[in-house]
Amino acid sequence: MVSRASLVLCVCSVLLLLMQEAACAQQDEFYRTVTYELPQGLNLEASGVAPLPDGRLAVAIRKGEVWILEHPLAEPPTVEAVGFKLFASGMHELLGLAFHEGDLYVTQRSEVTRLRDTDGDGVADEYRCVSHGWGVSGAYHEYAYGPVFDREGNMHNTLNCSMGKKWAGAGDEAKETLWRGWSVITPKGSTTATGFSAGFRSPIGIGLNAEGDIFATDQQGNYMPTNPLMHVRKGAFFGHGEALEDAKRDDSPVKHPGKLPDGITVAEAMKRIPGYCPPAVWFPYVKMGQSTTGMRCDLTGGKFGPFEKQMFVGEFVISGVNRVFLEKVGGEYQGACFPFVKDLQCAVLTLDFLSDGSMVVGQSN
């Protein structure tokens, strides 16, 4: 008999729970999936989850709201038993949520916002911008993801390349949309984000491993033969050429590699492109999904299973979660990936772990 653990999944219109109960070969015998009932009319496209120290769960949704689940481990998980409360609203396309040093932080399209309930009524009444400085031109694909805080308390976010038609009224931002396709750092004590690493396409996942190093996922497409997991560090270039415009800036930590060659393999790119940093892991296309998303490291101390310090990575197309084992060799991370759960109800965007070792997974259609 193995220890009890559970997987909770936030979905648009539904919420699920998967529990580990018996040692046998089938996934559904290790873990069971339970669906939360949601309040009538709530389209819960969960784009960020953050467990709170008191056992509650904060959930950010794409349409700009943060909800609090008072009892996320309640069974049966009815609306009344779980308790849903709207904490914050009126924000723009939330794609990330974190609890840090007593406060909730959400990443909007154009900034990171700190949310506080100063009068104790359970509703946020202070919305303070704590990070900004990247370009937004109105192109539909200018997503911003995060935040993640490193060991020194600096904030990190990742930014999509600017895909699609830009709004003419954006002025200079329509001509040069700053730091698109980059990860950005907001130093502790500052509110201005600056470039940190470059060469991303659509880096929706950003998180820390057990050692506190930063990792990001990206999407297959231009310059990306399949979905990667990258070790993010200052000055790294991960291959997507559209990010290089800002490498010409005086404050760029990435050295411009020059014109990128076409039609070469990743192995050749490592030899021919100055400063190119290959991923720690490639996810085989289709076999391991087609669109990697959010990630979390298992620090549950064995409550979730025999995966301590391994990474779990969401998957959009196959509606599931994959597992990654990493090791550091010669100062560089490498690893292997494994399927963990698939065929959930809809696309996985984000995940984290609850106090009993359950995994909470945010999904969207």
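Computed from a predicted model, the values in this text were never measured in an experiment.

Colleague: Before we go on, may I ask you to explain the sheet that holds strand β11 (residues 144-149) in this structure?
Modeller: Strand pairing within a sheet occurs via backbone hydrogen bonds; the two strands may be parallel or antiparallel. Ordered by their spatial adjacency, four strands build an open sheet running β11-β12-β13-β14, and the pairing between neighbours is antiparallel. With one partner strand each, in any of the chains shown, β11 and β14 (194-198) form the two edges of the open sheet. When the angles between neighbouring strand axes are averaged without regard to direction, this sheet yields 25°. Two elements, strand β13 (residues 182-186) and β14, share four bridges in a ladder whose sense is antiparallel. Residue pairing in the sheet places S183 in a bridge with S197 of β14.

Colleague: I would appreciate a short explanation of the environment of F304 in the present structure.
Modeller: With respect to the element layout, F304 can be found in the loop between β19 (292-297) and β20 (311-315). Take F304: its relative accessible area is 0%, and that puts it in the buried class. Expressed as a C-alpha distance, the spacing of F304 and G357, which sit 53 residues apart in the sequence, is 5.0 Å.

Colleague: For this particular structure, what's the right way to read the packing of aromatic side chains?
Modeller: The geometry of an aromatic ring pair is captured by the separation of the ring centres together with the interplanar angle, meaning the angle of the planes. Tallied over the entire structure, the rule returns 14 aromatic pairs. Between the aromatic rings of F304 and F353, the centroid separation amounts to 5.3 Å while the plane-to-plane angle is 70°, which identifies the pairing as edge-to-face. Of this pair, F304 sits in the loop between β19 and β20 while F353 sits in strand β23 (residues 347-353), placing them 49 residues apart in sequence. Judged by relative accessible area, F353 falls into the buried class, the value being 9%. Ring geometry for F312 against F353: centres 6.1 Å apart, planes inclined by 70°, an arrangement best described as edge-to-face. Placement of the pair is F312 in strand β20 and F353 in strand β23, with a sequence separation of 41 residues.

Cut-off values and rules
- Numbering of residues starts from 1 in each chain and follows the order in which that chain's sequence is written.
- The predicted origin of the model limits local features to residues at a pLDDT of at least 70 and limits the giving and counting of side-chain atom pairs to 80 or more, whereas totals for whole chains, interfaces and linings rest on all residues.
- Heavy atoms from the whole structure form the basis of all side-chain values; hydrogens and water molecules are not counted.
- Between any two strands, pairing holds if DSSP finds at least two bridges.
- Put simply, DSSP marks the helices as runs of H or I at least four residues long and the strands as runs of E at least two long, and each gets a number from the N terminus on.
- To obtain each axis, a line is fitted to C-alpha atoms, and for helices this fit is confined to the stretch in contact; angles are then taken between N-to-C directions over 0 to 180 degrees.
- Exposure classes here rest on a 1.4 Å probe applied to the protein chains alone. A residue is buried below 20% of its type maximum, exposed above 50%, and partly exposed in between.
- Note on ring pairs: Phe, Tyr and Trp rings are taken, using the six-membered ring of Trp, and paired if centres are within 6.5 Å. Classes follow the plane angle, with under 30 degrees stacked, over 60 edge-to-face and the rest tilted.

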